[in-house]
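Observations on chain architecture
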Amino acid sequence: MSNWQPTEQGLSDLLQLLREALNPTDNNNVQQIPDYNSYLAYILTQMPQEDQYVRSVAGLTLKNNIRAHFPTISPGVIDYVKKCCLQYIGDELVGKAVGIVIAAIVERGQVHNWLQALEVLMQKLDDPNAVVVENAFTTIQKICEDCSRDLDANAGGVQPLEFMIPKFITFFNHPSDKLRLNAITSTSQFITLRSAPLMNAMDNFLSALFSRATDDSLEVRKAVCQALVSLLEMCPTVLFPHMPNLAEYMLFCTQSDDADLALEACEFWLVFAEQDELREQLEPYLPKVVPVLLRGMVYSEMDLMTLGGDEDDAHIADSEQDIKPRFHKANLVEIERADKNDLDEGGKKKDTAFDEEDDEDDDDDFDEDLDDEFYGEWNLRKCSAATLDVLCTSYEGEVIRLLMPLLKTELENPDWLHRECGILALGAAAEGGLQEIGPHLPELVPYLFNNLVDPKPLVRSITCWTLGRYAAWIVQSAQQSPEARKHFLEPLVQKLLERILDNNKRVQEAACSSFSLLEEEATTELVPYMQPILVTLSTAFEKYQHRNLLLLYDTVGTLADVAGSALNTPQYIDVIMPPLIKKWQEIPDESTDLFPLLECLSSITTALGSGFKQFAQPVYVRCVKLVTQTLEECQAANANPANDMPDKDFMIVALDLLSGIIQALNTDAEPLVAGTSPNIVQLLSLCIQDEVAEVRQSAYAVLGDLAISCFEQIRAVVPQFMPHIVSQIEPVPEHVSVCNNATWSAGEIAIKWGTDIQPYVEPMLQRLFQLIVNPQIQRTLLENVAITIGRLGLVFPDLVGQHLQLFIKPWLITLAPIRPNEEKASAFSGLCEMIKAHPQGAVKEFLLFCEAVAGYADAPTSLHEAFRNILAGYKNMFGEAQWHQALETMPAEARGPLHERYGIA
């Protein structure tokens, strides 16, 4: 193929397409031209008489073809393209276009398959022609960006970086700023890999890097800062000997008039603050860093030009780019622990998110808060605020002591930009500095209240955000003191409600977000203020434009979650339901705006319970319609690939709301389920087999709710569902939530189906036992596994009880702490029946059983009686001596309740 020559007709046809500035790849005519990638290479490299624009388009098209279709291009064609490119890499006119083709081949074909390209490119760095050198280095930089791991690997016994990195470093002092930038950027690609050739050249790299710290080129200085930030993150110890000078340099750059350079330098302090092991290294510089961060948080002129929003804009419709995409997560059935107070009466809670690690700190909360409050790209202001937040958490009082006098100056500044900055800093310091700031809050909170009516919308919005950061302190103070309730909580509720109806969209958004935080902290403390809250939120539905309307749904849904049944009064229903139903009727089936509305209504149905009955029928019917439509569209797409696969989030949110309706209406849901066509039970048989885990997760939630409320509607088809349920009781990491809901639904079915479930008990137990003894399993799943084992034991005490010794210890450890509810009661009733059938199985864990019984003060009367009988049975089994010996080893906090309740002595 290396001797390939174009035909005159083929060349003429392709040139015509290129002259018309069409992409030949997208034109059917190119299919008639053999070897058209070879033609492109020929036009690019060997037709100097042709217009340069046409040659460049040929190069760009060739690059795109290689990136998109490399595996299908014949080796002969690739060889011809390689030959042309290597021959003309030094061409002054098309060298740049040739370079992007070379980079594409190296990336798609892998470095070790074309080491000759690297050799030629590196040789060109010594070419006397400056344009040739620049084109070569631009290509090398692209290869370093796209193929850094390949380059770092030992390619066929050759380590390219061994000779590349030392060569790059020599270019750090090159007269051309473009080449200096290429060299620094190319070398820096290998910091995150801790590449051995770079580590071996670290002294030379640092020396050359520091020599460019005061480079005339702004772009070079930014590249220096980026490299230093990467070094601090990946191998900080190499910087320790240079830290005093380095810190001063980064402080200087953080205060640069160029916003991009200042941001790159500020990232250095954020990385520094986030690494605990660097705490001692950073501490000496805090007195200088904190003031610099505070200065970086003042809005720049460019920020203000970009943001706009200094006027009343609530009446102006949002543009499409104002609406952030959002994604729905399916319901998770969760049995809550005893220390939670936000359960419905049945003890079951459904979350819209599944947290794989319950106790994991959410380090991204602050960044998300910033993104919500100040939409736009990451900038110096956000980076400075995020760094201050991390510093306040890492150094606690030390940073706050440095910050407080500076804050006082900012908050008292007559310039609104500095006051706004001070309020932002106060919010940023909230999490880590609460202990130090707490004594000042009785003065600061009223100050913030005053700023909620500032003429400047940006001051009002940041004040809303900061008050949200202190919502927990305000609520706790109100719970401890009527005075604090009067002076802090009540004004906060009133003033945030006023700002929810602000005439500026940014203020509305900040007020809604902060009120949602207040709802989560205050929960039922807000019930006395329910009427004005609901009136305000209802009014906001008429006032808000698209973007904030989506946020308003979340605020209303959160209120329903925390208020629960307190919302179920006619006067409240009459206020909040009309605007929701109006939106429900306005939004078409195909609009993604249904997602937040359906999520909101799911929370509302759970809170209202039977109070939702008057609205249930049309909502239920539409949800069934959404599920049906999505399933039909899926079938059409599977039958004909030309059809687009539908967005299954429509089905997920509809299933979640159906679950909420069935749960809210309980047995009153039966006429809806029976009378709606198609029947939801028929649809569930498809949904529980869907390939998308979130669909299966939501479908099993509905199935469990049907088992509780309308079992007769599913009785006939339960045998069809059970094999699928059994198959899902397997915690594949990305599908744990499906396993959780399938396990829960199995327990609900067992209670209602009784002994008919027998064929599925052993297969389920095999899987449930594997889960209950695994301490790595997520807590929520463990609780549902334990409850389902207990419920199966209630139906088949002899069959399940013979395995008591295997599971009783983790079972008791899992279920003893959860809040008393129907699930816990039925599970413990099952345990008692199993112990009666196989008392020896629990003997080894007798003391643990006693502690669980002692902690279960609110058990139903029948369960107390079962506990009494079991304890009496063990007393007879042990005999007096062994019985008293067991009691002596029991903790006093368990002995006391057992004696009071059951006369144990």
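Residues numbered from 1 in each chain as written. Predicted model: local features only at pLDDT ≥ 70, side-chain atom pairs only at ≥ 80, totals over all residues. Heavy atoms only, no water.

Thoughts on the overall build of the protein chain
Note the threshold: Only DSSP runs of H or I covering at least 4 residues are called helices, and only runs of E covering at least 2 are called strands; the numbering of each starts at the N terminus. Each residue is assigned to one of three classes by its accessible area relative to the maximum for its type, calculated with a 1.4 Å probe on protein chains only: buried under 20%, partly exposed between the two thresholds, exposed over 50%. Here a residue-residue contact requires only that any non-hydrogen atoms of the pair lie within 4.5 Å. Accessible surface area values rest on a Shrake-Rupley calculation with a 1.4 Å probe, where residue burial reflects the displayed protein chains alone. The convention is simple: Lys and Arg are positive, Asp and Glu are negative, and His and the chain ends are not counted. Charge placement uses NZ in Lys and CZ in Arg. For Asp and Glu, CG and CD serve respectively.
Helix and strand counts for the protein chain come out as 49 helices and two strands. When its C-alpha atoms are laid out on the principal axes, the protein chain stretches across 100 × 70 × 65 Å. Buried positions account for 56% of the 905 residues belonging to the protein chain. Of the contacts made within the protein chain by residues no fewer than 6 positions apart, 73% connect residues no fewer than 24 positions apart. Summed over its atoms, the accessible surface of the protein chain is roughly 38,500 Å², and 49% of this surface lies on carbon and sulfur atoms. One finds the centroid of the 66 positive side-chain charges in the protein chain at a distance of 1 Å from the centroid of its 131 negative side-chain charges.

As for the packing of helix H4 (residues 75–88) against helix H5 (residues 95–109)
The condition is simple: To get an axis, a line is fitted to the C-alpha atoms, and for a helix only the part in contact is used. The angle between two axes follows their N-to-C directions and goes from 0 to 180 degrees. Each angle is binned into one of four classes, with values under 35 degrees roughly parallel, values over 145 roughly antiparallel, values of 65 to 115 roughly perpendicular, and all other values oblique. In this scheme the crossing of two helices becomes right-handed for a clockwise turn of the near helix relative to the far one and left-handed for an anticlockwise turn of less than a right angle. All amino acids are sorted into three groups, where Ala, Val, Leu, Ile, Met, Phe, Trp, Tyr, Cys and Pro are nonpolar, Asp, Glu, Lys and Arg are charged, and the leftover types, Gly among them, are polar.
Packing of H4 against H5 leaves a shortest axis separation of 9 Å and a crossing angle of 135 degrees. Here H4 lies oblique to H5, going by the angle between them. The hand of the H4/H5 crossing is left-handed. On H5, the residues touching Val81, Lys82, Cys85 and Tyr88 of H4 are Gly95, Val98, Val101, Ile102 and Ile105. Tallied by class, the residues present in the contact of H4 with H5 amount to seven nonpolar, one polar and one charged.

Details of the nonpolar core
What counts here: What is meant by a nonpolar core is a set of buried Ala, Val, Leu, Ile, Met, Phe, Trp, Tyr and Cys residues, joined one to another through side-chain atoms within 4.5 Å.
In terms of nonpolar packing, the biggest core is built from 326 residues, with Leu518, Met577, Leu580, Leu655, Ile680 and Ile757 touching the most fellow members. When sequence neighbours within four positions are dropped, the list of residues in contact with Ile757 reads Met722, Ala746, Ile749, Ala750, Met764, Leu792 and Phe796.

Digging into the packing of aromatic side chains
Threshold: Two aromatic rings from Phe, Tyr or Trp, using only the six-membered ring of Trp, form a pair when their centres are within 6.5 Å; if the ring planes differ by under 30 degrees the pair is stacked, by over 60 it is edge-to-face, and anything between is tilted. To sit over a ring, a charge needs its Lys NZ or Arg CZ within 6 Å of the ring centre and within 35 degrees of the ring normal.
Summed over the entire model, instances satisfying the criterion amount to 22 aromatic pairs. Each ring, one from Phe268 and one from Trp269, has its centre 5.1 Å from the other, and the planes form 90 degrees; the classification is edge-to-face. As far as the burial class goes, Phe268 and Trp269 line up, both buried. Ring geometry for Trp753 versus Tyr760: centroids 6.1 Å apart, planes at 20 degrees, classification stacked. Taken individually, Trp753 and Tyr760 each receive the classification buried, so the pair is uniform in this respect. Taken together, the ring pairs connect Trp811, Phe828, Phe849, Tyr856 and Phe867 into an aromatic cluster. A cation over an aromatic ring shows up here: Arg381 above the ring of Tyr299, its NZ or CZ 3.7 Å from the ring centre.

Some words on a negative patch on the surface
This is how the line gets drawn: Surface patches are defined over residues having more than 30% relative accessible area and no salt bridge, joining like charges when they lie within 9 Å and nonpolar side chains (Val, Leu, Ile, Met, Phe, Trp, Tyr) when within 5 Å. Within this document, salt bridges are pairs made up of a side-chain nitrogen of Lys or Arg and a carboxyl oxygen of Asp or Glu, the two lying within 4 Å of each other.
A surface patch of like charges, here negative, comprises Glu520, Glu521, Asp554 and Asp561. Mapped onto the elements of the fold, Asp561 is located in helix H30 (residues 546–563). Here Asp561 falls in the partly exposed class, since its relative accessible area comes to 44%.

Considering the state of the cysteines
The test is simple: A pair of cysteine sulfur atoms is labelled a disulfide when the two atoms are within 2.5 Å.
Enumeration according to the criterion identifies zero disulfides in this entry. Unpaired in this structure, Cys392 has its nearest cysteine sulfur neighbour in Cys421, at a distance of 13 Å. Of all cysteine sulfurs, the one in Cys512 lies closest to Cys600, which takes part in no disulfide; the gap is 11 Å.

Things to note about the confidence of the model for the protein chain
Convention followed: pLDDT expresses, on a scale from 0 to 100, how confident the predictor is about each individual residue.
The predicted model of the protein chain has a mean per-residue pLDDT of 88, with 91% of residues at 70 or higher. Of the regions scoring below 50 in pLDDT, residues 336–364 engages in 64 contacts with residues more than four places distant in sequence or in other chains. Across residues 371–375 the pLDDT falls below 50, and counting only partners more than four positions away or on other chains, this stretch makes 21 contacts in the model.

So, the side chain of Glu410
Looking at the secondary structure, you find Glu410 in helix H21 (residues 397–411). Aside from chain neighbours lying at most four places away, what touches Glu410 is Leu294, Val298, His418, Arg419, Cys421 and Gly422.

What to know about the pattern of salt bridges
The tally for this structure, following the rule as stated, stands at 32 salt bridges. Linking Arg460 and Asp502 is a salt bridge whose minimum nitrogen-to-oxygen distance equals 2.9 Å. Note that Arg460 is positioned in helix H25 (residues 457–469) and Asp502 in the loop between helix H27 (482–500) and helix H28 (505–522), a separation of 42 residues in sequence. For Glu833, the salt bridge goes to Lys836, with nearest N and O atoms at 3.4 Å. Taken as a pair, Glu833 and Lys836 lie in helix H45 (residues 822–837) at a separation of three residues, close to a single helical turn. With a relative accessible area of 55%, Lys836 lands in the exposed category.

What to know about the packing of helix H44 (residues 804–815) against helix H46 (residues 846–854)
Following both chains from N to C, one finds H44 and H46 inclined at 20 degrees, their axes separated by 10 Å at the closest point. It follows from the interaxial angle that H44 and H46 lie roughly parallel. Along this stretch, H44 crosses H46, giving a crossing that reads as left-handed. Contacts from Lys809, Leu812 and Ile813 of H44 reach H46 at Leu848, Phe849 and Ala852. Among the residues forming the contact of H44 with H46, the class breakdown is five nonpolar, no polar and one charged.

Overview of the environment of Val493
For Val493, the location among the structural elements is in helix H27. Placed 311 residues apart in sequence, Val493 and Leu804 show a C-alpha to C-alpha distance of 53 Å. If near-sequence neighbours (up to four positions away) are discounted, Val493 is found in contact with Phe515, Leu518, Leu526, Tyr529 and Ile533.

Looking at helix H41 (residues 758–772)
What counts is decided by this rule: What a helix should span is 1.5 Å times the count of its residues minus one. For a residue, the bend is simply the angle between two axes, fitted respectively to the seven-residue segment ending there and the seven-residue segment starting there.
In this model H41 runs 21 Å from its N-terminal to its C-terminal C-alpha over 15 residues, within 8% of the 21 Å that 1.5 Å per residue would give. Where H41 bends most, at Met764, the angle is about 30 degrees. Buried within H41 we find Tyr760, Val761, Met764, Leu765, Leu768, Phe769, Leu771 and Ile772. Of the surrounding elements, those touching the buried residues of H41 are helix H39 (718–728), helix H40 (736–753), helix H42 (779–795), helix H43 (797–801) and H44.

Brief notes about unusual backbone geometry
A cis amide bond, omega -5 degrees, links Ser677 with the succeeding residue Pro678. Note on placement: Pro678 falls in the loop between helix H35 (670–675) and helix H36 (680–687). A positive phi angle, close to 75 degrees, is found at Gln110, a residue other than glycine. By secondary structure assignment, the location of Gln110 is in the loop between H5 and helix H6 (115–124). Looking at Gln110, the relative accessible area reads 37%, which means it is partly exposed. Unlike most non-glycine residues, Asn666 shows phi in positive territory, near 55 degrees.

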